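Single-letter residue listing:
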Amino acid sequence: MDLPLSFEFFPPKTAEGAEKLRGVRQQLYALAPEFCSVTYGAGGSTQEGTFNAVREILAEGVAAASHFSCVGATRATVREQLKMLKAMGVERLVALRGDLPSGYGVGGEFQYASDLVAFIRAETGDDFRIEVAAYPEIHPQARSADADLKAFVAKVRAGADSAITQYFYNTDAYFRFVDDALKLGVTTPVVPGIMPITSSTQLMRFSDACGAEIPRWIRLRLQGFGDDTASIKAFGLDVVTDLCDQLRCAGAPGLHFYTMNQSAATMEIVRRLAAA
Ligand code: FAD
C-alpha cells in the first residue's frame, strides 16, 4: 500500500480474547502498519488492560500508541502514568478527554483534551508524538460546529502532532473539515478513521453513541439484508473500499482502521486498495 496504515484495538477482557488478538495482530502486521493503537477506558475496559496490550505490541517489534484519556484524572496520576509509559518504550499517545460513564460528575483536574495535550507537552517535552481526535461530522456534545472546530484547533496549538478522525462514510464532511482547519492555520495531518462494515446492528449501536452518521442509503441497504451476514459483509467491503479509495485519491495522509479486534475485513479492504 502506498499510504501509511495504522490499526486500532481494544483491550481484550479475557485470556481467550487476548490470545485471539495476538493472532489477529500477526495477520495485520503483514500489512506493515506505521503503528498499532490500543483504546483506553472505553466500554468498561481497564487501564491495565490497555497497558498490557501496548506492552505486547512493543514486544512484537511494532510501534504502539497508547490511547490516554484524562476525564476524572489528576495531574499526579497522569504524571505517574506518563513516566510508566515512557519507561515501557511508548513513543506515541492518542490524547483524549474520554467519556464519563453516565451517573458520574465531571471531576478531575482536566476539562478538555487540549488541557491534557498541554500538560503532556509541559511535563515530557517532545518525548511523545501526540495524536488527537477530530470529528468531521461534529462531536455530539459540541456547542456548535464552529466551537468544535475551534476546540480542535486548540488541541493542535496545545502541541498535537497529528489527528485521527471519528469514522464517517461521507468524504465531503472530512475534506471540508480539513479545509476549514487549514483556513485556521492547521497543517498537521488529519488521518481518516475507517470503520469496516461487518455487522448492521453493531454499526448502528456505535454510530448512535458517537454521533457518526450512517447515510440513509447505507442504512436502508443494510436493513434490507436482514440476517444475511454474507451480503452485509460483501456490501460493507465494497462501500468501505470505495470510501478509502476516494480518500486516497484526494490526498488523505493515511488510513487508521478501527479493527474491532478482527482482521478479515481490514485485510480484504487493503488488498483491494493495493490491487486497484
Ligand atoms: P475534547 O477535544 O476535549 O472535546 C470534547 C467536547 O468538548 C467537544 O464537544 C468539544 O467541542 C468540546 N470542547 C473542547 N474544548 C472546548 C473548550 N475550550 N470550550 C468549549 N468546548 C470545548 N474514548 C475513550 O474513552 N477511550 C479511547 O481510547 C478513545 N479513543 C478514541 C480515538 C479516536 C480516534 C476518537 C475519534 C475518539 C476516541 N474516543 C475514545 C472517544 C472520545 O473520548 C470521545 O469522543 C470524547 O467524548 C471526546 O474526547 P476528545 O478527546 O475529542 O475531547
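Residues numbered from 1 in each chain as written. Predicted model: local features only at pLDDT ≥ 70, side-chain atom pairs only at ≥ 80, totals over all residues. Heavy atoms only, no water.

Novice: Looking at this model, I keep getting lost on the overall build of the protein. Mind explaining?
Specialist: Counting its secondary structure elements, the protein contains 10 helices and eight strands. Across its three principal axes, the protein shows a C-alpha extent of roughly 50 × 45 × 40 Å. Surface exposure of the protein reaches about 13,200 Å², of which carbon and sulfur atoms provide 52%. Side chains of the protein give 27 positive and 32 negative charges; the mean places of these two sets differ by 2 Å. (Helix = DSSP H or I, 4+ residues; strand = E, 2+ residues; numbered from the N terminus. Areas by Shrake-Rupley, 256 points an atom, 1.4 Å probe, with all protein chains shown as cover. Lys, Arg positive; Asp, Glu negative; His and termini not counted. Charge placed at Lys NZ, Arg CZ, Asp CG, Glu CD.)

Novice: When you look at empty space enclosed by the protein in this model, what are you seeing that I'm missing?
Specialist: Regions of empty space are outlined by a rolling probe, equal in size to a water molecule, passed over the atoms. For the coordinates displayed, the defined rule picks out one cavity of 30 Å³ or more. Its boundaries defined by the atoms lining it, the largest cavity holds a volume of some 50 Å³. Tyr135, Pro136, Glu137, Ile138, Gln166, Tyr167, Phe168, Cys210, Gly211 and Ala212 are the residues that line the largest cavity. Among the residues forming the lining of the largest cavity, the class breakdown is seven nonpolar, two polar and one charged. (1 Å grid on protein atoms, 1.4 Å probe; cavity = no way out; pocket = protein on both sides within 12 Å on 5 of 7 lines; lining within 4 Å. Points joined across faces, edges and corners; volume = space filled by probe spheres on them. Nonpolar A, V, L, I, M, F, W, Y, C, P; charged D, E, K, R; others polar.)

Novice: Would you mind showing me how to read the layout of surface pockets here?
Specialist: Roughly 270 Å³ of internal volume is contained in the second largest pocket. Contributing to the lining of the second largest pocket are 17 residues, with Pro196, Ile197, Thr198, Gln262 and Ala265 lying nearest its centre. Broken down by secondary-structure element, the contributors of at least two residues to the lining of the second largest pocket are α7 (200-210), α9 (229-249) and α10 (264-275).

Novice: Please explain the environment of Leu237 as it appears in this structure.
Specialist: As for its placement among the helices and strands, Leu237 is situated in helix α9. For the pair formed by Leu237 and Thr198, sequence separation is 39 residues and the distance between their alpha carbons is 8.1 Å.

Novice: Hey, could you run me through the nonpolar core in this one?
Specialist: Burial of nonpolar side chains together is a common tendency in soluble globular proteins. Counting 81 residues, the largest nonpolar core has Phe152, Tyr169, Leu255 and Phe257 as the members making the most contacts within it. Among the elements that line this core, the one with the most residues is α9, at eight residues. Among residues more than four places away in sequence, those in contact with Phe257 are Leu5, Ser6, Phe7, Glu8, Ile194, Pro196, Cys244, Thr266, Ile269 and Val270. (Core = buried A, V, L, I, M, F, W, Y, C linked by side-chain atoms within 4.5 Å. Buried < 20%, exposed > 50% of the residue type's maximum accessible area, 1.4 Å probe, protein only. Contact = heavy atoms within 4.5 Å.)

Novice: Help me understand the packing of aromatic side chains in this model?
Specialist: Within a pair of aromatic rings, the relevant descriptors are the distance that separates the centres and the angle that separates the planes. With the rule as written, the count across this model stands at 11 aromatic pairs. The interplanar angle of 70° and the centroid separation of 6.2 Å between the aromatic rings of Tyr167 and Tyr258 together place this pair among those described as edge-to-face. In this pair, Tyr167 is assigned in strand β6 (residues 162-167) and Tyr258 in strand β8 (residues 255-258), connecting sequence segments 91 residues apart. The two residues Tyr167 and Tyr258 agree in class, both being buried. With centroids separated by 5.5 Å and ring planes inclined at 10°, the aromatic side chains of Phe168 and Tyr174 adopt a geometry described as stacked. (Phe/Tyr/Trp six-rings, centres within 6.5 Å; stacked < 30°, edge-to-face > 60°.)

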